Number of protein chains: 2
Amino acid sequence: MPADSSPSKPDSTAGRFSYDGLDRAIHEKARLGIMTSLSAAPSGLTFNDLKDLCGLTDGNLNRHLEVLREAGLVDVRKEQRQPRTTTMCQMTSAGRARFLKYLAELERVVADAAAAAKGNAKARTNPGRLSTA
Amino acid sequence: MPADSSPSKPDSTAGRFSYDGLDRAIHEKARLGIMTSLSAAPSGLTFNDLKDLCGLTDGNLNRHLEVLREAGLVDVRKEQRQPRTTTMCQMTSAGRARFLKYLAELERVVADAAAAAKGNAKARTNPGRLSTA
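Everything numeric here is computed off the predicted structure, so don't read it as measured data. (Residues numbered from 1 in each chain as written. Chains lettered and ligands numbered in written order. Predicted model: local features only at pLDDT ≥ 70, side-chain atom pairs only at ≥ 80, totals over all residues.)

A. Local environment of the pairing of strand E3 (residues 84-91) of chain B. Residue and element names in this part refer to chain B. Pairing of strand E1 (residues 45-46) with E3, which is carried by 2 bridges, proceeds in the antiparallel orientation. Of the residues in E3, the one forming a bridge with Leu45 is Cys89. The sheet contact formed by strand E2 (residues 74-81) and E3 spans 8 bridges and is antiparallel. Directly across from Val76, in E3, lies its bridge partner Cys89. Taking the residues between adjacent antiparallel strands as the criterion, E2 and E3 are bridged by 2 residues. (Pairing = 2+ DSSP bridges. Helix = DSSP H or I, 4+ residues; strand = E, 2+ residues; numbered from the N terminus.)

The structure is reproduced here in structure tokens:
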């Protein structure tokens, strides 16, 4: 038996939990809400509707839309609508493709974590070496 | 018909997509990998194993562990093991509880997005007003 008897590892593959597919432009919590909202509205949403749906302030929504726009994930455009100009926000085709890829990775996280939690429920009946196990 | 005929909204409830349960201490991509790794290893992981699993540098792992430790989500401790001191990382009981809550919210995101994508697949056969729809 080697001197360093490692505690159990879930999977020894390097980078197994690096989740490189979690695109940082999308993963940030507010932007994830924005992308999910827009993915459900193919013809776009007004700035105000998006603000309500995501529970954001004007300033925050503006800031996050700018990140998404610069990444090519959303279009933001002014439209002349009675009685005033309306800002319309819409996911681009590239944004839709990248969001689907992101979601596939997110599903992998959820599956990994669910598997880990299940394994753990069993393991916890046999307490580990440290006090919180 | 009102002057402002809004485009379709997925759900008009304010804050419907705010995802307040996405705990920022956990949601950051690297920390999500760390928490998932640790949730699968009830007796803890060495710093080096965790670094490999998450594909992180020493500096990055240290930084993220410090955030998790300050939030009370993980324990980090030095242990005397032959032939040298080993740093052990382990999820706390509070960390486990918060991670499970976080995961429930993450599952809600995935379900919302899957529903949106499905609705969209239909909607896209009937192009919207903007060029990228």
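Following the structure, the description resumes.
B. Highlighting unusual backbone geometry. Unusually for a residue other than glycine, Tyr19 of chain A sits at a positive phi of about 45°. Here Tyr19 of chain A is to be found in the segment before helix H1 (24-27).

C. Geometry of the packing of helix H2 (residues 29-39) of chain A against helix H4 (residues 58-70) of chain A. Residue and element names in this part refer to chain A. For the pair H2 and H4, the least separation of the axes is 10 Å and the interaxial angle reads 75°. In terms of orientation, H2 and H4 fall into the roughly perpendicular class. Of H4, the residues touching H2 (which contributes Ala30, Arg31 and Ile34) are Asn60, His64, Val67 and Leu68. Considered class by class, the residues forming the contact of H2 with H4 number 4 nonpolar, 2 polar and 1 charged. (Axes fitted to C-alpha atoms, helices over the stretch in contact; angles between N-to-C directions. Parallel < 35°, antiparallel > 145°, perpendicular 65-115°, else oblique. Contact = placed C-beta atoms within 7 Å. Nonpolar A, V, L, I, M, F, W, Y, C, P; charged D, E, K, R; others polar.)

Take it as geometry only, folks, not as evidence of what the structure does.
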